[in-house]
Every structure is written in structure tokens, then in C-alpha cells.
Amino acid sequence: MEWKLQPGALVQSIKLQLIEMLTFPRLMALEKMELEECPHNGQFRSRNSECQTCVFMYECSWLQSNEPFVVLGQRSLAELATSLEFAIDYVDSQNHRAGGKRRLCVCEKCSWIDRARRLRRKVDGKTTIVRTL
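These lines cover the structure that appears in this document, whether it is placed above or below. The structure presented is a predicted model; accordingly, all values stated were derived computationally and were not measured.

Reading the values: the criteria
Residues numbered from 1 in each chain as written. Predicted model: local features only at pLDDT ≥ 70, side-chain atom pairs only at ≥ 80, totals over all residues. Heavy atoms only, no water. Disulfide = S-S within 2.5 Å. Buried < 20%, exposed > 50% of the residue type's maximum accessible area, 1.4 Å probe, protein only. Core = buried A, V, L, I, M, F, W, Y, C linked by side-chain atoms within 4.5 Å. Helix = DSSP H or I, 4+ residues; strand = E, 2+ residues; numbered from the N terminus. Contact = heavy atoms within 4.5 Å. Phe/Tyr/Trp six-rings, centres within 6.5 Å; stacked < 30°, edge-to-face > 60°.

### Brief notes about the state of the cysteines
As enumerated under the stated definition, the model contains zero disulfides in all. As a non-bridged cysteine, Cys 54 has Cys 38 as the owner of its nearest cysteine sulfur, 6.4 Å distant. Under the relative-accessibility criterion, Cys 54 is labelled partly exposed at 36%. Here Cys 110 stays free of any disulfide, with the sulfur of Cys 107 as its closest cysteine sulfur at 3.6 Å. In this structure Cys 110 comes out as buried when scored by relative accessible area, which is 0%.

### Quick notes on the nonpolar core
Counting 31 residues, the largest nonpolar core has Leu 18, Leu 22, Leu 84, Val 91, Trp 112 and Val 123 as its most contacted members. Mapped by element, the contributors of at least two residues to this core are α1 (7–21), α2 (23–32), α4 (57–65), α5 (77–94) and α6 (108–132). Top contributing element to this core by residue count: α5, with eight residues. Residues within four places of Leu 18 in sequence aside, it is in contact with Leu 77, Leu 80, Ala 81, Leu 84, Leu 119 and Val 123.

### With respect to the packing of aromatic side chains
Tallying each qualifying case throughout the model produces two aromatic pairs. Summarising the aromatic geometry, the rings of Phe 24 and Trp 112 are spaced 5.9 Å apart at their centres and angled 35° between planes, so their arrangement reads as tilted. Of this pair, Phe 24 sits in helix α2 while Trp 112 is found in helix α6, placing the two residues 88 residues apart along the sequence. Judged by its relative accessible area of 17%, Phe 24 falls in the buried class.

Take a look at the structure:
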């Protein structure tokens, strides 16, 4: 990708890439959660004792704070990058090849982790440029 965009367009382009990258971990978390047994239908309530002790607390909280497209489009670049960092950790923790051989694996999770880490490095490099423009 060519980075000769205007500052606003550059930020928007990177934000769209981040939002797209967050789709896979969202689907993974939704698939893992047992929403039919949730008394709150997957709506995390931080002050609710059931939510605070639920085994899906982190997934539910993250999903709620990262609603697709509507909420994500309003997030800053830094907030989206933080969400991606959480998503990378989440997918990595759910990965069947969490050991040392992940580099050689080409499964969907390992491939996503590699792409997400490359995007994260790109964001880290571009945020400095965006701030100075």
C-alpha cells in the first residue's frame, strides 16, 4: 500500500484494516461462548456479579466494547490497535499450536496471528508519521 495519502485518509485506511482484522477473533469468541445459557444474552454488565465470575467474562466484555462497524468506526486508531493487541493474545491463547512450532503452521489461526502482527507493526510505524503530519 502506498502511504502518500492525506493524514485523515491515511488514518481512515488503517482503521478500516484494523476493523476488518478484528472480524476473525470476534467470530471465534462468539462461537466459543454459550450465549443460550447466559442470563444477559451476551450483554456484559461490569457491575453484575454473574458477569464478573463468568468463564466468558473477558470474551463478553471485549465483544461488547468492540461492536462491529458502528462502534469500531468511532474508535481512535490507538483504541483499535489496543483491541487488535487483545485479539492477537486471545487467538494465540486459543491456538492449538501455542508451542514453538507455530511459525511453521499455516492453519487459519496461525495465519491470522501472523497477518495481525504484521498489521500491528505497520500501525506502530504509521502512527508516528500520522502524529507528525
